[in-house]
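Okay, here's what each chain looks like letter by letter:
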Amino acid sequence: MSQIAKQWRSLDELVADAATIERLSDEFPDLAEALASPQNRRRVIRMLIASTAAASLSGCGDEGTRLVPAVRAPENIVPGLPNFFSGAHLLNGYATGVIVAHRMGRPIRVDGNPLHPASLGAVDVFAQAELMEFYDPQRDWAIRKRGEPASEGELQQALALERDEIVSSRGRGLRILTGSTTSPTFVAQIDALLKAYPEARWIQWEPFSRVNVAKGAQLAYGQAVESIPNLEAAEVILALDSDLLNGAPGSLSLARRFAARRNPTRTARMNRLYAIETIPTLTGAMADHRFVAGPQELNRLVTTLAAALLADEPIVAPQWLDAVAADLRSHKGRALIHVGPEQPPETHALVHAMNEALGARNNTFYLIAPVLRDAGDAHALSDLAEEMRKGDVRALLILDANPVFAAPGAVGFAEAMARVPFTFALSRSPNKTTDAALFAAPLLHPWESWSDARAFDGTATIVQPQALPLYGGYDAHQALALLTQAQPPTTLDMVKAVWASLRRNDAKDAWNAALAKGIIEGSAAKRSNATLRPQARTLSPPDVPSGTLTLLFRPDPYVWDGRYAANPWLRELPRPLTRITWDNPLLIAPKTARRLELENGDIARVTVGAFQATAPIWIVPGQAQNCVVASLGLGENQEIGGYDYYPLMGRNTELKVEKTGKRVDIASVERHQLMFDMAGHFVRTGALEEFLNNKDFLTEQAAPGAEQNLYRREPEGPAAWAMSIDLNACIGCNACVVACQAENNIPVVGKDQVLRQRELHWLRIDRYYEGDADQPNAYFQPVLCMHCEAAPCETVCPVGATVHDSEGLNVMVYNRCIGTRFCANNCPYKVRRFNYFAYAREERRSPLARNPEVTVRARGVMEKCTFCLQRIAAERIDADRENRPVGEVTTACQAACPTQAFTFGNLNENGSAVGERKQSPLSYALLASQNTRPRVSYEARIVNRNQEIGKTR
Ligand code: SF4
Ligand code: SF4
């Protein structure tokens, strides 16, 4: 029987363990003492930021209460039934195909497009949160000149003068600043403009660009190419500072293909993932062996590995790297090394050389011509700022970029912008750049205009509008065209002109088919046959400046570079590893925190040369020592809170972090809704060898007395709804949490309420650590209502508000609930949520965005996962009408999940997928000793360890 390792959620929990305190006392006597004291955990300073945010979320009360009769039924709409339209979500220019669900003409939900290669039916948190962006009442709606409302006539007049100047000077002094784009129509427009006015320049810039990736490919192959991983074929994967399952272009499909080879009961050969990283990522959390390395050490490891794989040099140390190299070598043609975009171009080139040496080309990866015209580079932005300072720029168009906020502080963009006579910025919401521009205008939401875009593999989508513009404004194509034409063609005509081949007579239906499917068939990029340059094998990454502390910058996992900073769904979504909501404290390793005498919530003063910022600290197990990580994107607008680290970027001077003695509360949910289990292991795990030798070894871990049923009859309905969750597949991405929120009208509650443990998410992704705080293993576990057959919540409700239905669902009768909360207290899984306030009325979500199939809960009502009862009810009605047994139902969380971690269905149906998963030898019930007989079960996580490395990850 395998040994049960203690699992913990937070450092508090870890150090509360007597053995850990004893061990820590040897090394850090003060730390152990401080953390073991309960008083130290109770320091409470109220934070104003989220209360301000929560206050700003109020005020939607009476919207939607007026009834407006449809005088004539709209065409193609059947009242009560949804419509679906394809589209694409863009991040850093790359498209992910989506399907937008509409009710009576209003978009209410975003699903993945199963036909789109970057989605395969899944959807990420950003694409789903576009719903909130679309209805955002704080979107820009007016043209402004120097910050004051202006008429369209004034803008057109100014544009007419600029047009004359552009024509007479062949575009001299005209600069167009955009983010990365893959839109063939936009690129065609720009090409035409630059051809007609050759002195104009187009600058593409993203705060988190893929410029190192592009430069690395250029170094390796002597031409621009992009590498597309094929994880289905990869048996051994090494991720070097790479979050390829979560942040890379096409990561939804990469995660799906990776997860397909993780459960040993589903795949013949389980893959093995190694991760070497400085900052913990979701990919690292899924790794079979994870190694922590600071930036300098990472460079050394890459060089050593390259020498071993490319020149057969022996690896003397570390021993584990030798074992990794041997594993990669022994899987020629089935191995892949992937490197993250933050690593320098030389590392990317070396990795290309290593992959070629491992026979990975056209097996575990292939090359295509680049999808992005230009990856965008901070240097390009600095050069532009320099030109502006020198007075060489007379007109600047800024399209959907926010360089005044999101450029490294050293660039000094705002001050440079003031030297340009004509600046015109378009953005969805007012920001620092639109405030600094001469003219600012609203940019249409992508759901309000036509366009096109390509996926990571080059597949093109025609992006169709989902609705008429809510607030007016221009789309990017129109804004660009207005620089050279007083009366430009419509955007639809521009897109049609680029895709004229779809509208030829012999391809009459191709245009409609492309819109219906959300992809243009056959548009994926062709494979490139570029050959590796020999010199790529001898490169080495540049030295990293050594210092006692290194400041690293990363996009916030959910607000990205800042473009989603005002999105309440994403602000309140717990970050997967820190479980922090609403804020972006500086992240440091446990040992570094000890050295600097910092604790969670301590406010530190960060000094980089002459620049200073103050921000709270959060300690992250598994982060490299002496690295301070700043998550960017927040702090632009003090009303919505967060800390702005952009001013510290791009400054090559020494970093100092000092304690200020002040503290702030950080709303992390890592110790909220705690379950209790004597055995202390919620996520069952085991090694592959152990499983192959004894398939029942996980069952042996079950507590004695589990699974007995003394007093309850089985529900007798025609269906028995149940779910199985595969912990081998869950990468902790939280897409399911947002899907549940969108589907079930779950409001946000604000930071102040989160601090009181009142968050309302019906589904949470618990994160557990195991092992040492410096290099722990991490596990994710989605927890929702278990729909127990012997539900403890039902027996304590005094008014019968929570009851069992004949199909095994634990249902809530909202109208009966009187708010005693006895049920929540008696639920061992802690999945019941209570409306302490009228959150649904106060949140910023427009009533128009709500799902009409789901009740909006009032103050004083308990709520929790319903297994998406509305979807089951719709299927019951269809089955009844068609006189057949109920068929398949897909829950919202299941539909969104990129790795297909959820299997849902009817246990009474012969051969149902959920029934099959519950027969898996890995299947177990959470808290089985409670005898609640949950309808949700889990498949234990199996780790495919390399015996040469042993149990060290
Ligand atoms: Fe992401 Fe949820 Fe699926 Fe886990 S179960 S991979 S958190 S969508
Ligand atoms: Fe939410 Fe439906 Fe999933 Fe339950 S089954 S967690 S209600 S999405």
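Residues numbered from 1 in each chain as written. Chains lettered and ligands numbered in written order. Predicted model: local features only at pLDDT ≥ 70, side-chain atom pairs only at ≥ 80, totals over all residues. Heavy atoms only, no water.

Asker: Residue-level account of the overall build of the chain, with values.
Answerer: A tally of regular secondary structure across the chain gives 31 helices and 37 strands. Relative to its length of 953 residues, the chain is compact, with a C-alpha radius of gyration of 28 Å against a globular reference of 30 Å. Taken over 953 residues, the chain has a buried fraction of 61%. Considering only contacts in the chain between residues 6 or more positions apart, those separated by 24 or more positions represent 75%. When the accessible surface of the chain is totalled, it reaches about 37,500 Å², and 50% of it is carbon and sulfur. (Helix = DSSP H or I, 4+ residues; strand = E, 2+ residues; numbered from the N terminus. Rg over C-alpha atoms; globule rule 2.2 N^0.38 Å. Buried < 20%, exposed > 50% of the residue type's maximum accessible area, 1.4 Å probe, protein only. Contact = heavy atoms within 4.5 Å. Areas by Shrake-Rupley, 256 points an atom, 1.4 Å probe, with all protein chains shown as cover.)

Asker: Describe in detail the nonpolar core, supporting the description with residues and values.
Answerer: In this structure, L396, F413 and F867 are the most contacted members of the largest nonpolar core, which totals 203 residues. Ranked by residues supplied to this core, first place goes to helix α5 (residues 125–135) with 8 residues. Judged by nonpolar contacts, the second largest core, of 31 residues, contains V236, L298, L328 and L350. (Core = buried A, V, L, I, M, F, W, Y, C linked by side-chain atoms within 4.5 Å.)

Asker: Give me the lowdown on the environment of A589, citing residues and values where you can.
Answerer: Summarising the element assignment, A589 is placed in the loop between β21 (586–588) and α22 (590–595). Each C-alpha atom, one on A589 and one on N626, is 7.2 Å from the other, the two residues being 37 residues apart in sequence. With sequence-adjacent residues up to four places away left out, A589 is seen in contact with I619, V620, Q623, A624, Q625 and C627.

Asker: Help me get a handle on the packing of aromatic side chains, residues and values and all.
Answerer: Applying the stated criterion to the full structure yields 16 aromatic pairs. An angle of 40 degrees between the planes, with centres 5.3 Å apart, marks the rings of F134 and W447 as tilted. Of the two residues, F134 sits in helix α5 while W447 sits in the loop between β17 (439–442) and β18 (451–454), which places them 313 residues apart along the sequence. On the basis of relative accessibility, which here comes to 1%, the residue F134 falls in the buried class. With 5.7 Å between their ring centres and 5 degrees between their planes, W721 and F904 make a pair best called stacked. Of this pair, W721 sits in strand β27 (residues 721–726) while F904 sits in strand β34 (residues 902–906), and the two are 183 residues apart along the sequence. Note on W721: relative accessible area 0%, which makes it buried. Among the aromatic side chains, those forming a connected cluster through ring pairs are F126, F208, W560 and Y564. (Phe/Tyr/Trp six-rings, centres within 6.5 Å; stacked < 30°, edge-to-face > 60°.)

Asker: Tell me about the site of ligand 1, residues and numbers included.
Answerer: Around ligand 1, a shell composed of 14 residues is seen, among which C730, C733, N734, C736 and C897 lie nearest. Partitioning the shell around ligand 1 into residue classes produces 11 nonpolar, 3 polar and no charged. (Near = heavy atom within 4 Å. Nonpolar A, V, L, I, M, F, W, Y, C, P; charged D, E, K, R; others polar.)

Asker: Quick rundown of helix α14 (residues 378–390)? Include the residues and the values.
Answerer: Residue pairs spaced three or four apart in an α-helix point in one direction, given the helix's 3.6 residues per turn. The terminal C-alpha atoms of α14, which comprises 13 residues, lie 19 Å apart, in line with the 18 Å expected from a rise of 1.5 Å per residue. Within α14, the full set of buried residues consists of L381, L384, A385 and M388. In a view along the axis of α14, the buried residues occupy a sector of 100 degrees, so they form one face of it. Facing away from the buried side of α14 by over 90 degrees, the exposed positions are H379, D383 and K390. Considering only its buried residues, α14 is in contact with β7 (174–178), β8 (201–204), β15 (395–399), α15 (403–406) and α16 (413–417). (Expected span 1.5 Å × (residues − 1). Arc of directions from axis to C-beta.)

Asker: Now, about the sheet that holds strand β36 (residues 936–939): what can you tell me, with residues and values included?
Answerer: Read across the sheet, 4 strands follow the order β34-β27-β36-β35 without closing on themselves; strand pairing throughout is mixed. Strands with a single pairing partner mark the edges of an open sheet, and in this sheet they are β34 and β35 (923–924). Bridging between β27 and β36 involves 4 bridges; their strand directions are parallel. Note that in β36 the partner of S724 across the bridge is S937. (Pairing = 2+ DSSP bridges.)

Asker: Quick rundown of the pattern of salt bridges? Include the residues and the values.
Answerer: Counted under the stated rule, the structure contains 46 salt bridges. Between E235 and R269 there is a salt bridge, with the nearest N and O atoms lying 3.2 Å from each other. On the criterion of sequence distance, the pair formed by E235 in the loop between β9 (226–229) and β10 (236–240) and R269 in the loop between α9 (251–259) and β11 (272–277) is long-range, its members being 34 residues apart. Between K659 and D602 there is a salt bridge, with the nearest N and O atoms lying 3.6 Å from each other. Remark: D602 occurs in strand β22 (residues 602–608) and K659 occurs in strand β25 (residues 655–663); sequence separation between them is 57 residues. Residue D602 is classed as buried on the basis of its relative accessible area, which comes to 2%. It is possible to trace a salt-bridge network through shared partners that takes in R109, D111, E743 and R871. (Salt bridge = Lys/Arg side-chain N within 4 Å of Asp/Glu carboxyl O.)

Asker: Can you break down the side chain of E807 residue by residue, with the values?
Answerer: Here E807 is to be found in the loop between β30 (802–804) and β31 (810–812). For E807, the side chain forms a polar contact with the side chain of R876, separated by 2.8 Å. (Polar contact = N/O pair within 3.5 Å; in protein donor to acceptor, adjacent residues only side chain to side chain.)

Asker: Got a sec to walk through empty space enclosed by the protein? Specific residues and values, please.
Answerer: Scanning the entire structure with this criterion turns up 10 cavities of 30 Å³ or more. One number sums up the size of the largest cavity: a volume of about 140 Å³. Taken together, 17 residues line the largest cavity, and the ones lying closest to its centre are P574, R579, V669, Q673 and R764. Examining the composition of the lining of the largest cavity, we find that 4 residues originate from one element, strand β28 (residues 764–770), more than from any other. Class assignment of the residues belonging to the lining of the largest cavity gives a composition of 5 nonpolar, 4 polar and 8 charged. (1 Å grid on protein atoms, 1.4 Å probe; cavity = no way out; pocket = protein on both sides within 12 Å on 5 of 7 lines; lining within 4 Å. Points joined across faces, edges and corners; volume = space filled by probe spheres on them.)

Asker: Account for unusual backbone geometry, with residues named and values stated.
Answerer: With omega at -5 degrees, the peptide bond leading from A317 into P318 counts as cis. With respect to the secondary-structure elements, P318 resides in the loop between α11 (295–311) and α12 (319–329). A positive phi is found at F867, a non-glycine position, where the angle reads about 60 degrees. Within the element layout of this structure, F867 appears in the loop between β33 (862–863) and α29 (869–881). Residue class for F867 comes out buried when judged on its relative accessible area of 1%. Although it is not a glycine, C868 sits at a positive phi angle of roughly 50 degrees. With respect to the element layout, C868 can be found in the loop between β33 and α29.

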